[in-house]
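These are the residues of each chain, in order.
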Amino acid sequence: RRWRGRHAIALSIVTLLGLSFAPSPASAARRGPSTPEERSKAVNLVRALEVDPLNEAARDFRRWLVAWLSEIPDISVQMCPALLGENFEVNKKYAAELALQQSLSSAAFIIEHPERANDKLAVSLAGVEGVFKAYEAILAQKPKAHFKSLDALLGARSKGTFESIVAQ
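Our subject in this report is the structure included herewith. (Residues numbered from 1 in each chain as written. Predicted model: local features only at pLDDT ≥ 70, side-chain atom pairs only at ≥ 80, totals over all residues. Heavy atoms only, no water.)

**Observations regarding the packing of helix α3 (residues 36–51) against helix α5 (residues 95–112)**
Note the cut-off: Note on definitions: angles span 0 to 180 degrees between N-to-C directions of axes, and those axes are lines fitted to C-alpha atoms, for helices only across the stretch in contact. Numbering of helices and strands runs from the N terminus, with a helix taken as a DSSP run of H or I at least four residues long and a strand as a DSSP run of E at least two residues long. By the definition adopted for this analysis, an angle is roughly parallel if under 35 degrees, roughly antiparallel if over 145, roughly perpendicular if from 65 to 115, and oblique otherwise. Each crossing is labelled by how the near helix is turned from the far one, with a counterclockwise turn of less than a right angle marking it left-handed and a clockwise turn marking it right-handed. Contacts are residue-level and defined by heavy atoms, with any inter-residue pair within 4.5 Å sufficient.
The contact between α3 and α5 brings their axes to 9 Å, and the two run at 135 degrees. Taken together, the axis directions place α3 and α5 in an arrangement best described as oblique. Between α3 and α5 lies a crossing of left-handed hand. Contact residues: Arg39, Ala42, Val43, Val46, Arg47, Leu49 and Glu50 in α3; Gln101, Leu104, Ser105, Ala108, Phe109, Ile111 and Glu112 in α5.

**Describing the nonpolar core**
Applied cut-off: We define the nonpolar core as a collection of buried residues of types Ala, Val, Leu, Ile, Met, Phe, Trp, Tyr and Cys that are connected through side-chain atoms lying within 4.5 Å of one another. Categorising residues by exposure relies on relative accessible area from a 1.4 Å probe, with only protein chains included: less than 20% of the type maximum marks a residue as buried, more than 50% marks it as exposed, and the intermediate range marks it as partly exposed.
Within the largest apolar cluster, 24 residues are counted, with the highest numbers of intra-cluster contacts made by Phe88, Leu98, Tyr135, Phe147, Leu150 and Phe162. Contributing elements (two or more residues each) for this core: α5, α6 (120–141), α7 (148–159) and α8 (162–167). Broken down by element, this core gets its largest block of residues, eight residues, from α6. Beyond its immediate chain neighbours, meaning those up to four positions away, Leu150 contacts Leu84, Phe88, Leu98, Val131, Phe132 and Tyr135. With 23 residues, the next largest nonpolar core counts Ala42, Leu45, Val77 and Leu100 among its residues.

**Focus: the environment of Ala122**
Assignment of secondary structure puts Ala122 in helix α6. Residue classification places Ala122 among the buried residues on the basis of a relative accessible area of 9%. Sequence separation of Ala122 and Ile110 is 12 residues, and the distance between their C-alpha atoms is 9.4 Å. Non-local contacts of Ala122, meaning those with residues more than four positions away in its chain, are made with Phe109 and Arg116.

**Digging into the packing of aromatic side chains**
Filter applied, for reference: Each Phe, Tyr or Trp ring (for Trp, its six-membered ring) is paired with any other whose centre lies within 6.5 Å, and the angle between the two planes then decides the class: stacked below 30 degrees, edge-to-face above 60, tilted in between. Note on criteria: charge over ring means Lys NZ or Arg CZ within 6 Å of the ring centre, with the direction from the centre no more than 35 degrees off the ring normal.
By the definition in use, this model includes four aromatic pairs. Consider the rings of Phe132 and Phe162, whose centres lie 5.2 Å apart with planes at 45 degrees: the pair is tilted. Linking Phe132 in helix α6 with Phe162 in helix α8, this pair joins segments that are 30 residues apart in sequence. Each member of the pair Phe132 and Phe162 is classed as buried. An aromatic cluster is present here, built from Phe88, Tyr135 and Phe147 joined pairwise through their rings. Over the aromatic face of Phe147 sits the side chain of Lys92, whose NZ or CZ is 4.8 Å from the ring centroid.

It is worth stressing that arrangement in space is one thing and function is another; only the former is reported here.
Here is the structure:
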């Protein structure tokens, strides 16, 4: 059952964006590493999605980011829906956007902190913190859009137990 939930998130994201998140060998072979300009643009788009995930341009931002990440060979992020809580409600409105935000915020962290790119815990924490920002921004506009699993993680963060949860 847990696998189905994670699979449903991935399918929702692919459906939402109409793109595959996995890099294709052909696209990676066609181009070299990301450029400083692209990395700067990516970080700016990710940060914009964290503060205003419902912006009318958000879908285009996500589409560009996913396509870019799937083409470049030098930045790799994993989608890990388990980080959003064991019972993350995959069929709720905004679930796909929030699940994708975890990977996008992780990529932004890797760009800003290349020396920590292999620190899985730091990358994961940054990804979930990006989800928290986006989630709180959504709640500011849509107060009824609560996710029980994210609310529980926010509670763990305020109690100081969040890092150990993510580490597991």
